[in-house]
Amino acid sequence: MKDSESVKTRSRRQLFKGMGAATLAVAVFPGCDTRQATTTHGETADNLAQRIYEPRFFTGDEWAFVNAASACLIPKDALGPSAVEVGVPEYIDRQMGTPWAAGALWYMQGPFNADAPAELGFQSQLTPQQIYRLGIAAADGFVQKAQGKSFAQLAADKQDAALHAIESGQAVFETVPAKLFFSMLLQNVREGFFADPVHGGNRGLAGWKLIGFPGARADFMDWVERDVKYPLPPVALNGQRG
């Protein structure tokens, strides 16, 4: 890991804009920030509280973890809102109610080879629902043992350190591979930040504005090769404009 000063000078949004969400290689971003703040649209934390999403899959403790981890992976900075502010936890919870999360769309029979190359597909007998349920419990247990608190109760720097331990496999979980849990969490946070708002995340089209993606516009191919900013705001599938 690079020294803290050099890492902090590189906003995670500069990485997004320079590399694109699909090719982003950095996993945990420095500077978790779960403080309530004003969003880029001038919406205060009180306004957000008026439309709190009630999770359908996650329990209260699990929901606290998902919110804290999401805010840590994509924190608020000078260029834009955090993952929590744009509804990423809602996106993840809603995905847990889909056939994908129940493993209904996948081949889930053995043998399972955890060391198989990625091109051979998913190599776990656990469904995404099980990975989240077991992974969050294991992560909170790991943190509780080391810090005497749940993950959501930790200070920002401690949360960041805990996620690094889970990502690297230094944290050993008995019920689910720590790296598998972290990779699914990170992938879903990315998806929630950049998916169409119809799925619950990317509130205000914040992710699309960040990378200059025009959204569901009928035709913008004549702009693809131009080295200039696309002049029109992004549009969601439901017609919402950024």
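Please refer to the structure placed before this passage.
Residues numbered from 1 in each chain as written. Predicted model: local features only at pLDDT ≥ 70, side-chain atom pairs only at ≥ 80, totals over all residues. Heavy atoms only, no water.

Asks: Please set out the pattern of salt bridges residue by residue, giving values where relevant.
Replies: Inspection of the entire model under this criterion finds 3 salt bridges. With its nearest N and O atoms 2.8 Å apart, the salt bridge here joins Glu 62 to Arg 133. Placement of Glu 62 in helix 4 (residues 60–73) and of Arg 133 in helix 6 (residues 128–147) is noted, with a sequence separation of 71 residues between them. For Glu 62, a relative accessible area of 9% corresponds to the buried category. With relative accessibility at 32%, the residue Arg 133 sits in the partly exposed group. As a salt-bridge pair, Glu 90 and Arg 203 come within 3.4 Å of each other at their nearest N and O atoms. With Glu 90 in helix 5 (residues 88–95) and Arg 203 in the loop between helix 8 (178–194) and helix 9 (206–211), this pair connects stretches of sequence that are 113 residues apart. The class for Arg 203 is partly exposed, based on a relative accessible area of 25%. When salt bridges with common partners are traced through the structure, they connect Glu 90, Arg 94 and Arg 203 into a single cluster. (Salt bridge = Lys/Arg side-chain N within 4 Å of Asp/Glu carboxyl O. Helix = DSSP H or I, 4+ residues; strand = E, 2+ residues; numbered from the N terminus. Buried < 20%, exposed > 50% of the residue type's maximum accessible area, 1.4 Å probe, protein only.)

Asks: So what about the packing of helix 7 (residues 156–168) against helix 8? Which residues, and what values?
Replies: At their nearest, the axes of helix 7 and helix 8 sit 6 Å apart, and the two run at 115° to each other. Counting all contacts with helix 7, which are made through Leu 163, Ile 166, Glu 167 and Ser 168, the residues of helix 8 involved are Ala 178, Lys 179, Phe 181 and Phe 182. (Axes fitted to C-alpha atoms, helices over the stretch in contact; angles between N-to-C directions. Contact = heavy atoms within 4.5 Å.)

Asks: Report on the packing of aromatic side chains, specifying residues and quantitative values.
Replies: Centre distance and the angle of the planes are the two values used to describe a pair of aromatic rings. Taken as a whole and assessed by the stated rule, the structure comprises 10 aromatic pairs. Centre to centre, the rings of Tyr 132 and Phe 181 are 6.1 Å apart; their planes meet at 85°, and the pair counts as edge-to-face. Of this pair, Tyr 132 sits in helix 6 while Phe 181 sits in helix 8, and the two are 49 residues apart along the sequence. In this structure Tyr 132 comes out as buried when scored by relative accessible area, which is 1%. When the centroid spacing of 5.3 Å and the interplanar angle of 65° are considered together, the rings of Phe 193 and Phe 194 count as edge-to-face. Considered together, Phe 193 and Phe 194 belong to a single accessibility category, that of buried residues. The rings of Tyr 53, Phe 57, Phe 58, Trp 63, Phe 65, Tyr 132, Phe 151 and Phe 181 are connected pair by pair, giving a single aromatic cluster. (Phe/Tyr/Trp six-rings, centres within 6.5 Å; stacked < 30°, edge-to-face > 60°.)

Asks: Account for helix 7, with residues named and values stated.
Replies: Compared with an ideal rise of 1.5 Å per residue, which puts 13 residues at 18 Å, helix 7 spans 19 Å between its outermost C-alpha atoms and is within 8% of the ideal. Looking only at helix 7, the buried set comprises Gln 159, Asp 160, Ala 162, Leu 163, Ala 165 and Ile 166. Gly 169 occupies a position one or two residues after helix 7 and carries a positive phi of about 90°. (Expected span 1.5 Å × (residues − 1).)

Asks: Before we move on, could you go through the packing of helix 4 against helix 5 and cite the residues and values that matter?
Replies: Helix-helix packing is characterised by the crossing angle of the two axes and by the distance between the axes. One way to put it is that helix 4 packs onto helix 5 with a least axis distance of 9 Å and a crossing angle of 130°. Looking at the two axes, helix 4 sits oblique to helix 5. Between helix 4 and helix 5 lies a crossing of right-handed hand. Contact residues: Trp 63, Val 66, Asn 67 and Ser 70 in helix 4; Val 88, Pro 89, Glu 90, Ile 92 and Asp 93 in helix 5. For the contact of helix 4 with helix 5, the residue count by class is 5 nonpolar, 2 polar and 2 charged. (Parallel < 35°, antiparallel > 145°, perpendicular 65-115°, else oblique. Left-handed = near helix turned anticlockwise from the far one by under 90°. Nonpolar A, V, L, I, M, F, W, Y, C, P; charged D, E, K, R; others polar.)

Just geometry here; none of it tells us what the structure is for.
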